[in-house]
Amino acid sequence: MTIILIVISICLLILCITYFKINAFLSFLVVSLFSGLCLGIPPSELVGTVEKGVAGVMGSLTLIIVLGAMLGKIVAESGAAEIIAEQMVRLMGEKYLQWGLMLTGFVVGIPLFYGVGFVLLVPLIFSISYRYKLPAVYIGLPMLAALSVTHGFIPPHPSPVALVALFHADMGLTLIYGLLIAIPAIVLGGPIFARSLKNIQPSQESIFQEKGRSDKEEYRRPTVRVSLIVALLPVLLIILFTLLPYVVNTAKTALQQGIKFVGNPTVVMVIAICVATYLLGLKLGRSMANVMSVYESAVKDIAMILLIIAGSGIFKQVMEDSGVSLMLANTLQQLPISPLLLAWLITAVIRGCVGSATVAALTAAGVLLPIVTGGKVDPNLMVLAIGAGSLMFSHVNDTGFWLFKEYFGLSVKATLFSWSIMEAIVSIVGLLAVLLLQLILY
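Overview of the structure. Since the model is a prediction, treat every value here as computed from it, not as a measurement. Here the residue numbering is sequential within each chain, running from 1 through the sequence in written order. The predicted origin of the model limits local features to residues at a pLDDT of at least 70 and limits the giving and counting of side-chain atom pairs to 80 or more, whereas totals for whole chains, interfaces and linings rest on all residues. Calculated side-chain values reflect all of the structure's heavy atoms, with hydrogen atoms and water omitted.

1. Looking at the nonpolar core
For step 1, the next point in the chain: We call a set of buried Ala, Val, Leu, Ile, Met, Phe, Trp, Tyr and Cys residues a nonpolar core when their side-chain atoms join them within 4.5 Å. Burial here depends on accessible area, computed with a 1.4 Å probe over protein chains only, as a share of the maximum for the residue type. Under 20% is buried, over 50% is exposed, and the range in between is partly exposed. Core analysis: the largest hydrophobic core is formed by 155 residues, its most contacted members being L61, L71, I74, V75, F167, M382 and F408.
For step 2, the next point in the chain: With twelve residues, helix α8 (residues 136-153) is the single largest residue contributor to this core.
For step 3, the next point in the chain: Only heavy atoms enter the contact rule, under which two residues are in contact if any of them lie within 4.5 Å. The contacts of F167, once residues within four sequence positions are left out, are A365, L369, V372, P379, M382, V383 and I386. Each helix corresponds to a stretch of at least 4 residues labelled H or I by DSSP, and each strand to a stretch of at least 2 residues labelled E; elements are numbered beginning at the N terminus.

Shown next, in the form of structure tokens:
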């Protein structure tokens, strides 16, 4: 009966989001209250469970997500992302345009959220398409595949960061594993798959019109070197301080503590923000007030993402306080299937139902948490398996699907055969890479 109640709860969550069009945070909250009552949590304790769930998940990741959003916003507003893109295309040349755009999407996608990166880089795709007389889908999909993969696999994006916090994984190792997994996923889902899309032509005139720079013209533009340094700084610092203890003798207590402090993801993001404030703000002629207004705008943009993550924390806490987590752990562990494959499958099904990769990943995490806490699987690999599953089954209920369709002027059929298949490829390749990494590590 308990399993049936959990299935009903997840189905109810999916219905609230997809059919009744209720906000994802409110859906999480209402369904969690309903589930808590049905699973036997006393009403007098249920509110405490809700508050504990919010505090438990938000305390460890709010700063990272907020600071990550600020960094992405200043990289976009300063023109650094555009400069990186232009340089990558110039570096790779006409023959390797797809690979240049793929690399651009990967570098820019690390600090920028998917939606921001998409809108920011689509003008480059169309300008190159017009200049070299190449189909926009053929040259653009590799860049969008890279943006999508960084969104699903690599911190400081909200979903991977939230999963790391929920599973008590190691941010640095998750980042390193994520980079290793992202490479084959992007290559196969991007340039290689896009070779089959040369014949896809818009069924209508694209709604996109190239726009010139607006308010950015009054400020100086950063150099390529500065743009790359700021965009990649968080990743480089996290990798550095993750690997440092393995290559340097850190037996001295003071040195150990210093590395642990500076290598903390929150401290890394604070360092990155300080560097970005100077190099992409003050040094280019922006006032401190102007830079702070950019950061304030970034926080407003991610407010709902933070609430959705908080809602997933409530759902997770209800599962724990009701005792369902332990029962689920015993049941799921008895299934003749790899926990990583199970995680991918559950997340993929939820993604196909709700459309949102973030909601799918966080919903699945609440169900799969007991497997991780039971020590049956590497939490870093579990984060990535769920991330891979969250990219599967992108179709008409996904905003990314419609964003791609309308900007590129495609029919629904053409979008399914290009965008949806690309997402399926990066998801499946990501899963296979996670399973291969598990074999290598264990």
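Anyway, onward from the coordinates.
2. Focus on the side chain of E423
For step 1, the next point in the chain: Mapped onto the fold, E423 is located in helix α21 (residues 412-441).
For step 2, the next point in the chain: Using a relative accessible area of 3% as the deciding quantity, one classes E423 as buried.
For step 3, the next point in the chain: If we ignore the near neighbours within four places in the chain, the residues touching E423 are S148, R351, L391 and S394.

3. Comments concerning the packing of aromatic side chains
For step 1, the next point in the chain: Here is the rule: rings of Phe, Tyr and Trp (six-membered ring for Trp) pair when centre to centre is within 6.5 Å. Planes less than 30 degrees apart are stacked, more than 60 are edge-to-face, and the remainder are tilted. Counted by the stated rule, this structure contains four aromatic pairs.
For step 2, the next point in the chain: With a centroid separation of 6.4 Å and 55 degrees between ring planes, the pair formed by F28 and F315 is classed as tilted. In this pair, F28 sits in helix α2 (residues 24-38) while F315 sits in helix α15 (residues 303-321), placing the two residues 287 residues apart along the sequence.
For step 3, the next point in the chain: Given a relative accessible area of 0%, F28 falls into the buried group.
For step 4, the next point in the chain: For F315, a relative accessible area of 1% puts it in the buried group.
For step 5, the next point in the chain: An aromatic cluster of at least three residues, connected via ring pairs, comprises F404, F408 and W419.
For step 6, the next point in the chain: Each ring is checked for a lysine NZ or an arginine CZ that lies within 6 Å of its centre and within 35 degrees of its normal; such an atom marks a charge sitting over the ring. Directly above the aromatic system of Y219 lies the positively charged group of R286, at a separation of 4.3 Å from the ring centroid.

4. Some words on the pattern of salt bridges
For step 1, the next point in the chain: One side-chain nitrogen of Lys or Arg within 4 Å of one carboxyl oxygen of Asp or Glu is enough to make a salt bridge. This structure, assessed with the given rule, holds four salt bridges.
For step 2, the next point in the chain: Put simply, E423 and R351 hold a salt bridge, and the shortest N to O gap is 4.0 Å. One end of the pair, E423, is in helix α21; the other, R351, is in helix α17 (residues 339-354), with 72 residues separating them in the sequence.
For step 3, the next point in the chain: Connected through salt bridges with shared partners, the residues E82, E86 and R221 form a single ionic network.

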